[in-house]
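Analysis of the macromolecular model
Spelled out from the first residue to the last, the chains are:
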Amino acid sequence: MKLSTSLDKNLKILKKEFTSFDVIFHDITLKNGKGVLIFIDSLTDKMLLSKTVLSPLSNQSITDEKKVEKLLLNAELKKVKELLEGIDTITNGNALLIIDGLTTAFSVGAKRIEKRAITEPPTSVVLKGPREGFVEDITCNLSLLRRRLKTPKFQIENLSIGKQSKTTVCICYIKGIVKKGLPKKIREKLKSFEIDAILDSSYITRLISEHSHALFKQIGTTEKPDVLVSKLLEGRLAIIVDGSPMALTLPYMLLEDFQSPEDYYTSVYKTNFARLIRVISVFLSLALPSFYVSAQLFHLQLIPLPFLLTIVNSIKGIPLSPSLEMFFTLLIFEILNESSLRMPKYVGMVVSIVGGLVLGETAVNAGIISAPALMIIALSGICLYTVPDLLQTFSILRFLFLVIAGTLGGYGLVLGLASLLIYMVSFETFETPLLAPFSPLVKKDLKDSFYKETLISLNKRPTVLKSKNKTRLKIKEKLNEKRTDR
């Protein structure tokens, strides 16, 4: 519906739409008529409105749109022709200026959004490297990216999703580097949904994922601007949601979770050793409890004799079978983990200490569980936290493999691991295999996989991402000759 020249008609419609007490209709008296400034008190900077709108318009005679544009000193001044557009202006935190006799209203930028300071994200703590993290304000997050990508090829597409929330969602990519057709595909997919509200980026993850019941995640996440920029430069696409500090990246590969932000700011030897530790730790966290149960029930010959004697002495008087004992211990560990996360910070620390030390030691002394079982579950839990992004998936897989090992033994465990590997090999999302660059094998991309070569060696973008611009590092011939001479 278009705006009317009658101020009263426009106000009648707007007052029906906005009945909340914090929506302000501020009257403005002009020499040749009147106007109204409409804004939401909790979202708008009233001091800014006084300086940019009320003061310039006082005692002025307004006859046309051009006069208003000359008087208003606001960088975000926009013309509004439709009532629906005016409603969106108000709900977004800006002010709407309507003047009697004019068919055009004006959107005045005056947002006042409270936001927390930029701090180091709790999910990606580093000793070396940038320590900035995304916050809940999308404008601030985009500025962190713009500071690092000073190029006009950095593209940001703006969408509004959610019938009630009208959340701002930005698609970010580098033109000429991102895979051809990927931005269009994601844009069309986001526009195809009608949902009441988008409250966090995890909503977007659920909407655009190609496999709704997949075991592994299909979209990467990060809270660090430097990590996001590096992924954009490799040829990925990013999605940033207003109100969420978690940015999404795609296509996603499982290998990304084994790479830490600090890997690119420390020596190659330290990085490769750390990545090796992560790979071994994840395998131990998944296989160690189930292997212990299967060996104890079906394959005692696999356990070294000194360790076997220790186990036999420790399980005397234990009322539970090995599989139930391990299942019970793992369940207690998960309960303690969940309670420590959900309770207040300082109380959660106490729960962790009491549960881990007192409850564990008491259970062993009482003869409910054995010391080796407790030690194996503790080691498995610690190993899993070396790759925190895989925590949710592998916590479920531990229970699954524990059941398989307790019922089918070592053969069932081998079949379970083989089935998991087959599933991972065949799984792909956004035309990118989950286990790339290992399956299919892409030798060029192995330079930054479970081991990392020097920065100079990483002169090509990952082949599996199908970037149009494949080169990201060139060394001038003269500089290269000097380096060789030395």
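Okay, so let's go over this structure.

Basis of the calculations
- Residues numbered from 1 in each chain as written.
- Predicted model: local features only at pLDDT ≥ 70, side-chain atom pairs only at ≥ 80, totals over all residues.
- Heavy atoms only, no water.
- Helix = DSSP H or I, 4+ residues; strand = E, 2+ residues; numbered from the N terminus.
- Buried < 20%, exposed > 50% of the residue type's maximum accessible area, 1.4 Å probe, protein only.
- Phe/Tyr/Trp six-rings, centres within 6.5 Å; stacked < 30°, edge-to-face > 60°.

**Some words on unusual backbone geometry**
For the bond running from Leu 250 to Pro 251, omega is 0 degrees, close enough to zero to count as cis. For the bond from Ala 436 to Pro 437, the omega torsion is 10 degrees, close enough to zero to count as cis. Examined against the element boundaries, Pro 437 turns out to sit in the loop between strand S12 (432-433) and helix H15 (477-485). Even without a glycine there, the phi angle at Lys 166 is positive, about 50 degrees. Secondary-structure assignment places Lys 166 in the loop between strand S6 (154-161) and strand S7 (167-174). Its relative accessible area of 33% is what places Lys 166 among the partly exposed residues. One non-glycine residue, Phe 430, lies in the positive phi region at around 55 degrees. Tracing the chain through its elements places Phe 430 in the loop between strand S11 (428-429) and S12.

**What about the packing of aromatic side chains?**
Following the criterion strictly, the structure yields six aromatic pairs and no others. Pairing Phe 327 with Phe 399 gives two aromatic rings, centres 5.3 Å apart and planes at 70 degrees, and the pair type is edge-to-face. Placement of the pair is Phe 327 in helix H11 (residues 322-342) and Phe 399 in helix H14 (residues 391-426), with a sequence separation of 72 residues. On the numbers, 4.9 Å between centres and 20 degrees between planes, the contact of Phe 438 with Phe 450 is stacked. You can see Phe 438 sitting in the loop between S12 and H15 and its partner Phe 450 sitting in the loop between S12 and H15, a full twelve residues away along the chain.

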